[in-house]
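# Observations on the model geometry
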Amino acid sequence: MKIAVFGGSFDPVHIAHKKVVQAALKNLDIDKIIIVPTYLNPLKKDFLFNPKTRFELLKKVFSNDKKVEISDFEINQKKLSYTYETIRYIKKLYKPIKIYFIIGEDNLKSLHKWHNIEELKNNLEFIVAKRVGYEVENIEFKTLDIDININISSTKLREKLDLNLIPKEIWEDLENLTKRKTLNKRTENIKAILEDKKAVDIEIFDLTSKEYLVDYVVIATTLNPKHASALLDYLKIDLKPSGEEFLRVDEDDNWTVIDLG
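A brief structural summary. (Residues numbered from 1 in each chain as written. Predicted model: local features only at pLDDT ≥ 70, side-chain atom pairs only at ≥ 80, totals over all residues. Heavy atoms only, no water.)

Spatially, the 6 strands line up as an open sheet ordered E3-E2-E1-E4-E5-E6, and their pairing is parallel. Either end of the sheet is taken by a strand with one partner, and the two such strands are strand E3 (68–70) and strand E6 (142–146). For this sheet, the mean angle separating the axes of adjacent strands, direction not counted, is 30 degrees. Against the sheet, helix H1 (residues 15–27) engages strand E1 (2–8), strand E2 (32–37), E3, strand E4 (98–104), strand E5 (125–131) and E6, with an angle of about 120 degrees to E6. (Pairing = 2+ DSSP bridges. Helix = DSSP H or I, 4+ residues; strand = E, 2+ residues; numbered from the N terminus. Axes fitted to C-alpha atoms, helices over the stretch in contact; angles between N-to-C directions. Contact = heavy atoms within 4.5 Å.)

Structural data, given as structure tokens:
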């Protein structure tokens, strides 16, 4: 068996990743391509989506490709994993006669930092995925031309999700995940302000799966009516930089109800 391995964060998976897989299946003499999402990346500090979510999105994108396998090996380690460990696992499991390892041209600069890089070079053949028409300087590995005319960065996609750059199979999933992540950030920001200003018994209720008129409810207990009024002022001031809009506020001696839209 001849295998290609395509590893990375896939945070999120985008159309360039799909193009890489299509090019590998077309141009490499392989029986299978194994996509390995990382649990943690030793060269990255943060992720947009958790490991399980990234794994499930990959499975959905490539569900119709019989020669594509999504491996949860690194995710199941639940710790920082290195490529040489993954390759050892794949060699033991499949006993392939040939392993190709696909990397993006942006990985070339940091390749020398990879753990046991000499072991990797002795056990596999690196294939560098590059855009058609672009030359990679001082390269010692074979290249795989990707038929795509735009430069896609997962980092930029995390900053601003563009569905035109996402495989259509997961459009709805990513919209819902992004909305949920944004709402979680908003509610945690509110909770932090309430805690800082001495509110107690703060609870956040996620109602996104319920047929209710709002997605989230934050409830907090105040010390007295004056404290409640002061908390409202603090929230208006502290939430202003994040663009929160106070659409409506209803107050009495027992409750202050705030609608943030």
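The next subject is unusual backbone geometry. Most peptide bonds adopt trans geometry, and most residues besides glycine take a negative phi value. In this structure, Pro12 follows Asp11 across a cis peptide bond, with omega equal to 0 degrees. Of note, Pro12 is situated in the loop between E1 and H1. You will see that Phe10, though not glycine, has its phi angle at about 50 degrees, which is positive. Structurally, Phe10 is set in the loop between E1 and H1. Its identity as a non-glycine residue notwithstanding, Asn116 has a phi of 55 degrees, on the positive side. Mapped onto the secondary structure, Asn116 falls in the loop between E4 and helix H5 (117–123). Looking at Asn116, the relative accessible area reads 35%, which means it is partly exposed. (Buried < 20%, exposed > 50% of the residue type's maximum accessible area, 1.4 Å probe, protein only.)

Here the focus is the pairing of E1. Counting buried residues along E1, 5 of its 7 residues qualify, which places the element largely inside the surrounding structure. Across 5 bridges, E1 lies against E4 in parallel orientation. What sits directly across from Ile3, in E4, is Ile99. A crossover links E1 with its parallel partner E2, the connecting element being H1, and its sense is right-handed. (Right-handed = clockwise from strand over helix to strand, strands pointing away.)

Let's shift gears to the packing of aromatic side chains. Overall, the coordinates contain 6 aromatic pairs when judged by the stated rule. With a centroid separation of 5.2 Å and 90 degrees between ring planes, the pair formed by Phe6 and Phe10 is classed as edge-to-face. For the ring pair Phe101 and Trp114, a centre distance of 5.9 Å and an interplane angle of 90 degrees mean the geometry is edge-to-face. Of this pair, Phe101 sits in strand E4 while Trp114 sits in the loop between E4 and H5; the two residues are 13 residues apart in sequence, bridging distant segments of the chain. Classification of Trp114 as buried rests on a relative accessible area of 16%. Linked through ring pairs, Phe101, Trp114 and Phe126 together constitute an aromatic cluster. In this arrangement the basic side chain of Lys197 is found over the ring face of Tyr234, its NZ or CZ atom lying 4.5 Å from the centre. (Phe/Tyr/Trp six-rings, centres within 6.5 Å; stacked < 30°, edge-to-face > 60°. Lys NZ or Arg CZ within 6 Å of the ring centre and 35° of its normal.)

This part takes up the environment of Asp145. Mapped onto the elements of the fold, Asp145 is located in strand E6. Put simply, Asp145 and Val20 are 125 residues apart on the chain and 8.4 Å apart in space, counted from C-alpha to C-alpha.

With that settled, consider H1. Between the first and last C-alpha of H1 there are 18 Å, a value that for 13 residues agrees with the 18 Å anticipated at 1.5 Å per step. When we look at burial in H1, the residues that qualify are Ala16, His17, Lys18, Val20, Val21, Ala23 and Ala24. (Expected span 1.5 Å × (residues − 1).)

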